[in-house]
Amino acid sequence: MSTALANSSIFETNPYEGHPNLSELEAEVLWQYAKLSQNIKELIAETRRVSEAPDEKLLKQLRALEVKMGLVLTLFKASVWAVINEQPMADASSAYADTTADDTIRH
């Protein structure tokens, strides 16, 4: 518990301020490094926690998203199929046939 209090205080007060061997700029730079170090320690702890056990809430949200994406894909395929079916079909056999003597009325 005391570590958590010490860790949170690093963000509030500069422990290097007023040090006799450091200039004001050096103390500020060291404080920034200390804060960065604490952020990295917290990030490492959080990534370990996440990697050890799956986040059930996140998994539920991802499953719901997977279902929705499946529905979107199905609707997209159906839309593409409908667009393809609406296009007039060209009769391939009549494209190359000799129609000079053909009197058939075509619509």
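These lines cover the structure that appears in this document, whether it is placed above or below. (Residues numbered from 1 in each chain as written. Predicted model: local features only at pLDDT ≥ 70, side-chain atom pairs only at ≥ 80, totals over all residues. Heavy atoms only, no water.)

## Looking at the overall build of the protein
Then comes step 1: Helix and strand counts for the protein stand at four helices and zero strands.
Then comes step 2: Written out in order from the N terminus, the α and β elements of the protein read α-α-α-α.
Then comes step 3: Within the protein, the proportion of its 107 residues that are buried is 7%.
Then comes step 4: Working note: accessible area of the protein is about 9900 Å², and carbon and sulfur atoms make up 62% of it. (Helix = DSSP H or I, 4+ residues; strand = E, 2+ residues; numbered from the N terminus. Buried < 20%, exposed > 50% of the residue type's maximum accessible area, 1.4 Å probe, protein only. Areas by Shrake-Rupley, 256 points an atom, 1.4 Å probe, with all protein chains shown as cover.)

## Side note on the pattern of salt bridges
Then comes step 1: Tallied over the full model, the rule gives one salt bridge.
Then comes step 2: A salt bridge links arginine 49 to glutamate 46, with the shortest nitrogen-to-oxygen separation between them at 2.5 Å. In this pair, arginine 49 and glutamate 46 are both assigned in helix H2 (residues 24–52), three residues apart and thus about one turn of the helix distant.
Then comes step 3: By relative accessible area, which is 37% here, glutamate 46 ends up partly exposed. (Salt bridge = Lys/Arg side-chain N within 4 Å of Asp/Glu carboxyl O.)

## Side note on the packing of aromatic side chains
Two descriptors summarise a pair of aromatic rings, namely the distance from one centre to the other and the angle between the planes of the rings.
Then comes step 1: The full count for this structure, using the stated rule, is zero aromatic pairs.
Then comes step 2: The side chain of lysine 35 reaches across the aromatic face of tryptophan 31, ending 4.0 Å from its centre. (Phe/Tyr/Trp six-rings, centres within 6.5 Å; stacked < 30°, edge-to-face > 60°. Lys NZ or Arg CZ within 6 Å of the ring centre and 35° of its normal.)

## Concerning H2
Then comes step 1: Taking 1.5 Å of rise per residue, the 29 residues of H2 would be expected to cover 42 Å, and the 42 Å separating its terminal C-alpha atoms lies within 8% of that figure.
Then comes step 2: Looking at H2, one finds that the buried residues are Ala27, Trp31, Ala34, Lys35 and Gln38. (Expected span 1.5 Å × (residues − 1).)

## Section: the side chain of asparagine 14
Then comes step 1: Within the secondary structure, asparagine 14 sits in the loop between helix H1 (2–9) and H2.
Then comes step 2: Within the structure, asparagine 14 has its side chain in polar contact with the backbone oxygen of alanine 27 (distance 3.4 Å).
Then comes step 3: Those residues in contact with asparagine 14 that lie beyond four places of it in its chain are Ala27, Glu28 and Trp31. (Polar contact = N/O pair within 3.5 Å; in protein donor to acceptor, adjacent residues only side chain to side chain. Contact = heavy atoms within 4.5 Å.)

## Regarding the side chain of lysine 35
Then comes step 1: Structurally, lysine 35 is set in helix H2.
Then comes step 2: Buried charged residue lysine 35 carries no salt bridge. Nearest counter-charge: glutamate 28, at 5.4 Å.
Then comes step 3: The contact partners of lysine 35, leaving out residues within four places of it in the chain, are Ile10 and Phe11. (Lys, Arg positive; Asp, Glu negative; His and termini not counted.)

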